[in-house]
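Chain by chain, the residues:
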Amino acid sequence: MCGIVGYVGNDEKAVEIILDGLSKLEYRGYDSAGIAVVENGEIFLEKKSGKLENLVNSLKEKDVFSNVGIGHTRWATHGNPTDRNAHPHCSNDGKVAVVHNGIIENYSVLKDELIKKGYIFNSDTDTEVVSQLFSELYTGDLIETMFKVKERIRGSYALGIIHKDYPNKIICARKESPLIIGIGENKKFIASDVPAILKYTRDVIFLDNGEVALIEEDKVTVLDKNKNIVNKEITKIEWDMDQATKNGYPHFMLKEIEEQPQMIEKTLSAYIDVEGHINFGKAFDNIDFNKFNEIHIIACGTAYHAGLQGEFFFKKINGLRTNVDIASEFRYNDPFLDEKSLVIFLSQSGETLDTLMALKLAKSKGATTIAITNVLGSTISREADVVIYTLAGVEISVASTKAYTTQVVTMYLISLYLAYRNKKITEEELQKYLDDVYKLPENVGNILLQKEKISNIAKNIYKKDRGFYLGRGIDDKTAKEGSLKMKEISYIHTEAFPAGELKHGPIALIEEGTMVVVVSTQDSMVEKVASNIKEVRARGAYVISVTKETHKEVIDVSDEVIIVNNNGMLLTPVLSVVPLQLLAYYTAVHKGLDVDKPRNLAKSVTVE
Ligand code: M6R
């Protein structure tokens, strides 16, 4: 949520490099974009509401060259998405410029205090207090001033600050919101995420909570919260830039949907060894799995829906009581947690603040925590006792797809690993369960072959303004994910219900032409699902079913049918979500919407 880029180097390329970096971070927010550099001893500032291209266009006529600067792409929290609320924010004396990701929770108290001192505020943001406060507390030393500012501000932040008196330095600080430092030869970078700087360097420092860093072209000085200099490890980023480009696809979302067979395959080869055993390296060496009497799975959005699939694995394969909670609710539900609780946190980005706060709570209660995340070095991956990475590759599109399927597969493998290690399943049973997972890449590939058909179905629904998604049991969970996909990128208001629940109220909304998407992969429920379809069709619904070819009862009563192969009771849902991703994608395409950057959303949600 909000993207930050900063550059200091031995050339005058700050504007070019920052704009390029921002273009890789737009998925974090696209309400406005702005840049501040030091040019001829003064701060040059340009900021525009709307997408980055507005800023790029407004800079075209202006030849601005500088060796140091900061840039920002915004997801609005405090104040409308206007030019005046766009970052960077400057101090009244024009000496300080600030970019910020996070929320300064005590901003109004600080603002009142600064107004009394004569400061004039030019925006409605929380961030502007940081620029004014930095100027107010300025001692002539950037590090010292940053620590003074940190003492006064509360909340979450990744901050990048330049001062006109230091045309060769950036001072930054982090608490909760992510910030990385890129190390190049005679050039250094700051960014919210790796793609912003990967074109220039693979050597990265992950700043930790409470740390402050002074960035200069030939040196980086990092201090911990006690002002001691820390020697930070430099991590080499192994993945390539083409993972962060569209590679000929019209949208990242389609590319990412189509990458699913490959990414599932990658996950399997990473975690299943040549002898056919699940192997997470040393990750679980220090964990006594016998002590757990319950599992909690905590996540938000699509990751939460993946967690709902995981619940079925841990209950069926491990026989363990399993609860799945939305992270933002979990903390306030007085959860029963102790050292016998195993809590699994799912997060593509590894930065979702709701999930991070739930993780901190679980740790404070003595629970063992496992993070399943897709981003190396992300905050959640570093806070949890154990981290298992999904190997989905970089996911850029705001609508999560390949992260979901790899999260489900990873949970399946963890569930099998745990059951085998605790002797709840035999070698033979393990291999039987694994036979199902091996089939997934090919079966997902077969669904992708139906994309033209799904695009044609989407032509029948893209003008609708609402609809329902139905399923029973594990299919109900898939339906929930399908509905979220449709809502977030096509803006069609859809709701998912257990198919049997519809008659208890929502069926009142079914009328001639209402779109109803049904998921049916569970053999034990096919007749009941077919009855539920008949109930809505009798009231005029237009029914699209995602089902197996053996579910004749469902096929016979549906208007449109998308067939998925049988992949076992637990894993067929990994297949049935794929047509739902494609249906949402093509619906948004036919509506002419910006698929990868749906309105009001951001890829990484770092506010509560
Ligand atoms: O990075 P995370 O997996 O923690 O993100 C959680 C949700 O914000 C995310 O899944 C969101 O719901 C997506 N836009 C769904 O496509």
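### Focus on helix α12 (residues 402-421)
At 3.6 residues per turn, the α-helix brings residues three or four places apart onto the same side. In this model, α12 (20 residues) spans 28 Å end to end at C-alpha, consistent with the 28 Å of a helix rising 1.5 Å per residue. Burial analysis of α12 places 18 of its 20 residues in the buried class, which makes it a mostly covered element. A positive phi of about 60° marks K423, the residue just after α12.

### With respect to the domain arrangement of the protein chain
Here the domain parsing of the protein chain yields domain 1 (3-238), domain 2 (242-438) and domain 3 (449-595). Just the C-alpha atoms count here: the centres of domain 1 and domain 3 sit 45 Å apart.

### Comments concerning the site of the ligand
Near the ligand, the surroundings consist of 15 residues, among which S347, Q348, S349, T352 and E488 are the closest. At 2.4 Å, a side-chain N or O of T352 approaches an oxygen atom of the ligand. Alone, the ligand offers 410 Å² of accessible surface; in the complex the protein occludes 90% of this. At the level of secondary structure, the elements contributing two or more residues to the shell around the ligand comprise α8 (301-316) and α15 (474-490). Counted by class, the shell around the ligand contains 6 nonpolar, 7 polar and 2 charged residues. When residues of the shell around the ligand are assigned to domains, at least three map to each of domain 2 (242-438) and domain 3 (449-595).

### Let's talk about the packing of aromatic side chains
Each pair of aromatic rings is reported with the distance of its centres and the angle of its planes. Applying the stated criterion to the full structure yields 14 aromatic pairs. Ring geometry for Y7 against F189: centres 5.3 Å apart, planes inclined by 50°, an arrangement best described as tilted. Here Y7, found in strand β1 (residues 3-9), pairs with F189, found in strand β10 (residues 187-191); they are 182 residues apart in sequence, far enough to count as distant. Both residues of the pair, Y7 and F189, belong to the buried class.

### Some remarks on the packing of α8 against α15
It is at 9 Å that the axes of α8 and α15 come closest, and there the two elements cross at 170°. Overall, the two elements α8 and α15 adopt an arrangement that is roughly antiparallel. Mapping the contact onto sequence places G301, T302, H305, L308, Q309 and F312 in α8 and I474, K477, T478, K480, E481, L484 and K485 in α15. Residue composition of the contact of α8 with α15, grouped by class: 4 nonpolar, 5 polar and 4 charged.

### Some words on the pairing of strand β23 (residues 542-547)
Here is the key point about a regular strand: its side chains alternate between the two faces of the sheet. Counting buried residues along β23, 6 of its 6 residues qualify, which places the element largely inside the surrounding structure. The two faces of β23 match: Y542, I544 and V546 on one face and V543, S545 and T547 on the other face are all buried. Pairing geometry for strand β22 (residues 515-520) and β23, over 6 bridges, is parallel. Looking at β23, one finds that V519 is bridged to V546. The parallel pair β22 and β23 is bridged by helix α16 (residues 526-537), and the resulting crossover is right-handed. Relative to strand β24 (residues 560-563), β23 runs parallel, the two sharing 4 bridges. Opposite V546, over in β24, you have I562 as the bridge partner.

### Focus: the sheet that holds strand β3 (residues 42-49)
Taken in spatial order, the 8 strands make up an open sheet running β3-β2-β4-β1-β10-β9-β11-β14, and their pairing is antiparallel. The open sheet terminates on both sides in strands that have one partner only, identified here as β3 and β14 (235-236). As defined by bridge partners, strand β9 (residues 180-184) adjoins β10 across 5 bridges and the pair is classed as antiparallel. Residue G182 lies in a different strand from β10, and its bridge partner there is F189. Against the sheet, helix α1 (residues 14-23) makes contact with β1, β2 (32-39), β4 (68-74) and β10, and its axis sits at roughly 25° relative to β4, the strand it touches most. Against the sheet, helix α2 (residues 52-60) makes contact with β2 and β3, and its axis sits at roughly 135° relative to β3, the strand it touches most.

### Considerations on the sheet that holds strand β6 (residues 96-104)
Through backbone hydrogen bonds, the strands of a sheet pair up, either in parallel or in antiparallel fashion. The 6 strands lie next to each other as β5-β6-β7-β8-β12-β13, forming an open sheet whose pairing is antiparallel. Unpaired on one side and paired on the other, β5 (89-90) and β13 (219-223) mark the two borders of the sheet. The pairing of strand β12 (residues 212-216) with β13 spans 5 bridges and is antiparallel. The residue bridging L214 from the neighbouring strand is T221, located in β13. Sitting on the sheet, helix α5 (residues 142-152) touches β7 (155-163), β8 (170-175), β12 and β13, and the angle it makes with β8 is about 30°.

### A word on the packing of helix α3 (residues 107-116) against helix α4 (residues 128-137)
Contact geometry of α3 with α4 gives a least axis separation of 10 Å together with a crossing angle of 50°. Here α3 is positioned oblique relative to α4, judged by the angle of their axes. The way α3 lies across α4 gives a crossing that is left-handed. From α3, Y107, L110, K111 and L114 reach across to α4, where they touch V129, Q132, L133 and E136. Of the residues contributing to the contact of α3 with α4, the split by class is 5 nonpolar, 1 polar and 2 charged.

About the criteria used
- Residue numbers restart at each chain and count upward from 1, following the sequence in its written direction.
- At least 70 in pLDDT is required for a residue's local features to be given in this predicted model, at least 80 for side-chain atom pairs to be given and counted, and no such filter applies to totals for whole chains, interfaces and linings, which use all residues.
- In computing side-chain properties, one takes all heavy atoms of the structure into account and sets aside hydrogens as well as water.
- Strands are runs of DSSP state E lasting at least 2 residues, helices are runs of H or I lasting at least 4, and numbering of each runs from the N terminus.
- Given a helix with a known number of residues, its expected span is that number minus one, times 1.5 Å.
- Relative accessibility decides the category of a residue: with a 1.4 Å probe and only protein chains considered, values under 20% of the type maximum give buried, values over 50% give exposed, and everything between is partly exposed.
- Either an automatic procedure or a domain database provided the assignment from which the domain bounds are taken.
- Near residues are defined by distance, with any heavy atom within 4 Å of the molecule or strand qualifying the residue.
- Polar contacts, as counted here, are pairs of nitrogen or oxygen atoms within 3.5 Å of one another; within protein the pair requires one atom able to donate a hydrogen and one able to accept it, and residues that are adjacent in sequence qualify only if both atoms are side-chain atoms.
- Areas reported here follow the Shrake-Rupley algorithm with a probe of radius 1.4 Å; residue values treat only the protein chains shown as occluding.
- Basically, the charged four are Asp, Glu, Lys and Arg, the nonpolar ten are Ala, Val, Leu, Ile, Met, Phe, Trp, Tyr, Cys and Pro, and anything else, Gly included, counts as polar.
- By convention, a stacked pair of Phe, Tyr or Trp rings (six-membered ring in the case of Trp) has centres within 6.5 Å and planes under 30 degrees apart, an edge-to-face pair has planes over 60 apart, and any other such pair is tilted.
- Helix axes are fitted only over the stretch in contact, all axes being lines through C-alpha atoms; the angle between N-to-C directions runs from 0 to 180 degrees.
- In this scheme, roughly parallel covers angles under 35 degrees and roughly antiparallel covers those over 145, while 65 to 115 is roughly perpendicular and the rest are oblique.
- Note on contacts: a residue pair is in contact if any heavy atoms of the two residues lie within 4.5 Å.
- In this scheme, strands are said to pair when DSSP sees at least two bridges between them.
- A crossover gets the label right-handed when its path from the first strand over the helix to the second runs clockwise, viewed with the strands pointing away from the viewer.
- Left-handed describes a crossing in which the near helix is turned anticlockwise from the far one by less than a right angle; the clockwise case is right-handed.

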